[in-house]
Amino acid sequence: MPRFRPILDELPAYRAGKAVVSADGRSFKLSSNESPYDPLPSVVEAIAAAARDVNRYPDPACVALTEALAERFAVPQEHIALGAGSVTVAQELFETVGEPGAEVIYAWRSFEAYPLLADLAGVTSVRVPLEEETHDLSAMAAAITPSTRMIFVCNPNNPTGTVNRAAELTAFLDRVPEDVLVVLDEAYREYVRDADVPDGLSLYADRPNVAVLRTFSKAYGLAGLRVGYLIAHAPVASAVRKTMMPFAINSIAQAAAVASLRAEDELLERVETVVKERARVREALLGQGWEVPPTEANFVWLRLGERTVEFAERCAVDGVAVRPFAAEGARVSIGSPDANDAFLAAAEAFRKE
């Protein structure tokens, strides 16, 4: 029998959101924070054109996409690193710091891939509990030790949708030693409407130990193609690029991402529609009597405790898939108006039952 790393015997598999179907055939997938919209026609055209060249390897340096991102965000090209989705870029980040004894701090609960990536990289996770569903940045700063190599701040936080604002985030960064990398995970940045929530790119510019992590999976609607990126100072971006597997981002994904940047104005109109639906859904839930924290992402969070799984099962009866975190709560993506109405009806029925 081959010998494997002992950690694999204890490692829980990543649980992706799943779809469900009601008895009458209805199915609304609100479990994965996906865009409810099909790709724009111009993006579909770019995908079709790129498909004609799939007999060739993709550009391993992703030159066209790197140039497009550099132009879009007015940053040097050498400040950009890429990966197959932001979770893969996060994995690359863990690999840059991963060695025995290294510690990585993150809030909990936050993005569920963090513990998995930490264990695979052989680093020690330091989980700091949320305070009122939001990162406790003061406690996270206090958790820093000489062994701390990296800190993740998911802003807006997944799965709660809550945010940390400029003053507290700046004060936190001022307390972090210069040799500790702070990753601002901004997968949901495009949905933020709170003017006090800073764009991470405004913070990284004069802080060499700050990196900004983003994705094309959410607002840009390319979840199925897997494109994520990091913007950081050259030494950080260079280290991350060294861990990237050759040809990790396929040619179709590269073409679609470039086309999406060109169609950004049109895409962001769709985002605005999601933001309006987010407000409608939260207000309806509050009207039903639920406690729902303010959210700046494309989902809402319900703290349900021991009734979480029961709630998810009740939603599934109506063909609505939500993302339960057992004994904690449920995250529910904002979908189409029909999907949102189905969820609201299921939530109201659960309260009445």
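Scroll up a little and you will see the structure.
Conventions adopted
- Residues numbered from 1 in each chain as written.
- Predicted model: local features only at pLDDT ≥ 70, side-chain atom pairs only at ≥ 80, totals over all residues.
- Heavy atoms only, no water.
- Buried < 20%, exposed > 50% of the residue type's maximum accessible area, 1.4 Å probe, protein only.
- Helix = DSSP H or I, 4+ residues; strand = E, 2+ residues; numbered from the N terminus.
- Arc of directions from axis to C-beta.
- Contact = heavy atoms within 4.5 Å.
- Pairing = 2+ DSSP bridges.
- Right-handed = clockwise from strand over helix to strand, strands pointing away.
- Phe/Tyr/Trp six-rings, centres within 6.5 Å; stacked < 30°, edge-to-face > 60°.
- Lys NZ or Arg CZ within 6 Å of the ring centre and 35° of its normal.

1. Some details on helix H11 (residues 308–317)
All of the buried residues along H11 are Thr308, Phe311, Ala312, Arg314 and Cys315. For H11, the buried positions fall inside an angular range of 160° around the axis, keeping them on one side. In H11, those exposed residues whose orientation departs by more than 90 degrees from the buried face are Glu313 and Val317. Packed against the buried residues of H11 are strand S9 (299–303), strand S10 (320–321), strand S11 (323–325), strand S12 (329–333) and helix H12 (337–352). One or two positions beyond H11, positive phi appears at Gly319, with a value near 80°.

2. Here we look at the pairing of strand S6 (residues 181–185)
Burial runs high along S6: five of the five residues are buried. As paired elements, strand S5 (residues 148–154) and S6 share five bridges and run parallel to each other. Bridging from a neighbouring strand, Val153 pairs with Leu184 of S6. In terms of handedness, the path from S5 via helix H6 (residues 166–175) over to S6 forms a crossover that is right-handed. Relative to strand S7 (residues 210–215), S6 runs parallel, the two being bridged by four bridges. Of the residues in S7, the one forming a bridge with Val182 is Val210.

3. Here's the deal with the packing of aromatic side chains
In the structure shown here, the tally under the stated rule is 15 aromatic pairs. Between the aromatic rings of Phe216 and Tyr220, the centroid separation amounts to 4.8 Å while the plane-to-plane angle is 55°, which identifies the pairing as tilted. Seen from their ring centres, Trp290 and Phe350 are 6.2 Å apart, and the 20° between their planes marks the pair as stacked. In this pair, Trp290 sits in the loop between helix H10 (264–288) and S9 while Phe350 sits in helix H12, placing the two residues 60 residues apart along the sequence. An identical accessibility class is assigned to Trp290 and Phe350; each is buried. Arg331 extends its terminal NZ or CZ atom over the ring of Phe299, reaching a point 5.9 Å from the ring centre. In this structure, Arg351 is placed above the aromatic ring of Trp290, and the distance from its NZ or CZ to the ring centre is 4.9 Å.

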